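What the coordinates show
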Amino acid sequence: MNVNQSAPPLPPFGQSQPVYPGYHPSSYGGQPGSTAPPTPYGAYNGPVPGYQQTPPPGVSRAPPSSEAPPASTAQAPSGQAAYGQFGQGDVQNGPSSTVQMQRFPGSQPFGSVPLAPVVSQPTVLQPYGPPPTSAQVTAQLAGMQISGAVAPALPPVGLGYALPPGTQMTGPPGPPPPMHSSQQPGYQLQQNGSFGPARAPQPNYGSSYPGAPTFGSQPGPPQPLPPKRLDPDAIPSPIQVIEDDRNNRGSEPFVTGVRGQVPPLVTTNFLVKDQGNASPRYIRCTSYNIPCTSDMAKQAQVPLAAVIKPLARLPPEEASPYVVDHGESGPLRCNRCKAYMCPFMQFVEGGRRFQCCFCSCINDVPPQYFQHLDHTGKRVDAYDRPELSLGSYEFLATVDYCKNNKFPSPPAFIFMIDVSYNAIRSGLVRLLCEELKSLLDFLPREGGAEESAIRVGFVTYNKVLHFYNVKSSLAQPQMMVVSDVADMFVPLLDGFLVNVSESRAVITSLLDQIPEMFADTRETETVFAPVIQAGMEALKAAECAGKLFLFHTSLPIAEAPGKLKNRDDRKLINTDKEKTLFQPQTGAYQTLAKECVAQGCCVDLFLFPNQYVDVATLSVVPQLTGGSVYKYACFQVENDQERFLSDLRRDVQKVVGFDAVMRVRTSTGIRAVDFFGAFYMSNTTDVELAGLDGDKTVTVEFKHDDRLNEESGALLQCALLYTSCAGQRRLRIHNLALNCCTQLADLYRNCETDTLINYMAKFAYRGVLNSPVKTVRDTLITQCAQILACYRKNCASPSSAGQLILPECMKLLPVYLNCVLKSDVLQPGAEVTTDDRAYVRQLVTSMDVAETNVFFYPRLLPLTKSPIESATEPPAVRASEERLSNGDIYLLENGLNLFLWVGASVQQGVVQSLFSVSSFSQITSGLSVLPVLDNPLSKKVRSLIDSLRAQRSRYMKLIVVKQEDKLEMLFKHFLVEDKSLSGGASYVDFLCHMHKEIRQLLS
Ligand SMILES: [Zn+2]
């Protein structure tokens, strides 16, 4: 141990306060009086200032009660703090169960599917009507809700999407034909590949085309025909589905008052009005009508899952959840199942008791909460109380909900900076220290608070750790070195965590001096686990929760706990050992993560690797503590500073809930059985999150444990107990009611494919930790085929087996699933590194539905087709090379990457307007910043790029790609409807394969 208590005062350094172009701290929220232009999500300023002060009449302020706090206290597992009653409930299931997906015996491995030659005898196609035997149809049309029998005037929703046998190619690819309306009944694909009402076969039907396989099996002697190619315009188009939903549902607000409504797609802009169910911004489900029995659910194989984003940021037009204060008595809960008071609780006996909607237990209403009922049995104050009328709200938690029965201290942020040779040489340390000087003024704060309650601390490290005393009374910061990394301790308490405004001068001095102190370092080795350990110990000593911001450059090979070796081995790809590439190489980080979670210590990791750093191992602690990982390979200030600083500003400023526990309760008949996301679980029901921010989601899977009832439906209640940025202990409650069905058709009519894909991707990405990647892919294909075969068998009207019929709500399932199957994690190309795969695997785990949607199927926007004056985003085109015109320019984004593709024949005027050069050949390939030019096209494109970036949670660095340039390979990787270099199937081929799988299941 070597504590240098008497380090000499550090020499003063420059005072400059750099301003980076384009930096508008106020647009990141937290700054009252922000003048930044509102962006769809970027301008959310945390809880609406003053919203807590002005609850609706009657909200909260219940008089303190003499009644004892809730009875029992959950026994915390060893090493975990007790959370009062929060976690109390049934602990039923053992190790988490997952969807049963056995491989279908007859199914072919995907890749080269030999398709039998077929005769494509024309069949007269019958327009198909509503699926048989649907007891109840719930149709949503432009916000309208119709329940009960299908109104004859309204087209039934959820009809199949049919491809007839022998669908053929219609000449060269061209502009898509007029698209069908997905809501129109009886529409199906015609033999000539265009949409329209079913009609007799066309004369050219049956002619053969070179290319891909066909499908269809009709009576008559088999006779080989040359294979035909499926017309890409004749198969379901993601772009069309997105456009239709925008047109049909984008204009009306989504009102949540009715049970089981399918919300608009995540790609549609819409407002939400909370009338008793949680907004889809908080919870989205794979289906809003779930089978009554587990037999039905097993038959359909549709996963029942909810993607929950408890602290989702809302657009400025939507109010944050109200905070309800019940005083010392705390929130009202069911005595048996501990569910929180919500709009679905039934008041009985004149209002003196209530029946729990989750477990049916009859509970007494405490006297201070009593209210009379109206003639319908509703409490007369129902609309004055958020917890009786809204889907989402918060309760102030009492001391019973606090660790060790003590109200928490405000959280702390600790900045832990790698100062080894690589970090210094790349310019990272200087850039970061300069940035922190101004960024510390924008720490998250609540309501109208003038300054953030969050305290800050600083550590630098290489092979040893340096702690800094930045106490306000010091003239200069003091450094303390801890070189005994095997037995980490915090050498100072007083002066380590400080208030920014009080210690500003000392902090500024420190941040000025750090780059100078280590400017000449030759130290290349780093430690990693001891750094996290130190931060966690510091929070423990200060008795608070908080977040560590680690800025790290290299594989930690220095002698210390958590030391790693380079074990990257591409030869393992496609072997049974490939899974080891995704697993951590030591268990030390899981142990450390568990300690962090117990302390409410969330870890955000910024990586700047020049080579393999073992992301799979380094991301274990961020992953288990609800943190984030950012990776900037081969970081150079001049190329990457904008991206890094933008991510850093957003990350530091975002509102976080600390030391959180989430529990999902369900009504009798279903229960939560499996969870996906960045968190830790020490039992089977409580999701523990050292930190949870507004970007993170938890995907929850449900299984039946009893029969459900159509009349009562199914209820979910997600309760998140957390400590706010100001140190207030709160409960955020989200409620959602779903319909239940006895007819499979109702399930298929109320599904959401984007949410299904979110679940399936997370399921698969977890699967690669334990199974060969090929097994994971096959499992997904089989499950998808089973889902579609079940629909075909039970819901579609009888038709030729040669037809592929897809449920309307799932017609994009094949194309999206194919994108998951060929993603870098499941089918890597030669250029994808092991670290990239581990990184993406980790990112997807916490993504919401909108993020997985665009990540797996990127958005491709033509830039010169629509008029320059048009203020709106241009309509996207399908992600396929054949949709690119060499006379146009396109933007492609997937939430992480952003490309500008320039066609080789683009007009010279366009080239001049955008790049300020006179010809295509003079455009610099790989350019990442467009010149700022004063013309309409340049302004439009740059503002579109800004708007795309504002919609995403991470900064997307631009890469300009020229047609036929070598960088184009990288770009083409994202044209996901095409066959990929790594062997991933084209959409057309995959659809043929799915059809074959379905037919095998049906025969
Ligand atoms: Zn109950």
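Residues numbered from 1 in each chain as written. Predicted model: local features only at pLDDT ≥ 70, side-chain atom pairs only at ≥ 80, totals over all residues. Heavy atoms only, no water.

**Looking at the pairing of strand E27 (residues 714–723)**
Burial within E27 is extensive, with 10 of its 10 residues counted as buried. In E27, alternate side chains face the same way, and those of Ala714, Leu716, Cys718, Leu720 and Tyr722 on one face and Leu715, Gln717, Ala719, Leu721 and Thr723 on the other are all buried. Pairing of strand E23 (residues 656–666) with E27, which is carried by seven bridges, proceeds in the antiparallel orientation. Bridging from a neighbouring strand, Arg663 pairs with Ala719 of E27. Bridge count for E27 against strand E28 (residues 729–741) is 10 bridges, and the pairing is antiparallel. Counterpart to Cys718 in the pairing with E28 is His734. (Buried < 20%, exposed > 50% of the residue type's maximum accessible area, 1.4 Å probe, protein only. Helix = DSSP H or I, 4+ residues; strand = E, 2+ residues; numbered from the N terminus. Pairing = 2+ DSSP bridges.)

**Observations regarding the coordination of the zinc ion**
Looking at the zinc ion, one finds its protein donor set to be Cys334 (SG), Cys337 (SG), Cys356 (SG) and Cys359 (SG), positioned 2.2 to 2.3 Å from the metal centre. Around the zinc ion, the four donor atoms sit at angles spanning 102 to 115°, and that spread fits a shape best called tetrahedral. Along the chain, the residues donating to the zinc ion are arranged with the sequence spacing C-x2-C-x18-C-x2-C. With Cys337 in the loop between strand E11 (323–324) and strand E12 (346–348) and Cys356 in the loop between strand E13 (353–355) and strand E14 (362–364), this pair connects stretches of sequence that are 19 residues apart. In this pair, the class of Cys337 matches that of Cys356, namely buried. (Donors = N, O, S within 2.8 Å, 3.2 Å for Na, K, Ca; no water. Tetrahedral: all angles 85-135°; square planar, octahedral: opposite > 155°, others 65-115°.)

**Looking at helix H13 (residues 753–767)**
Look at H13: 20 Å from first C-alpha to last across 15 residues, which is about the 21 Å you get at 1.5 Å a residue. Judged by how many residues are buried, H13 sits mostly within the fold: 14 of 15 residues are covered. (Expected span 1.5 Å × (residues − 1).)

**Examining the pairing of strand E26 (residues 698–704)**
Among the seven residues of E26, six are classified as buried, and the element is accordingly described as predominantly covered. With four bridges joining them, strand E10 (residues 305–308) and E26 adopt antiparallel strand pairing. Directly across from Ala305, in E26, lies its bridge partner Glu701. Two elements, strand E24 (residues 670–676) and E26, share six bridges in a ladder whose sense is antiparallel. Each residue of the ladder has a partner; that of Ala672, found in E26, is Phe702.

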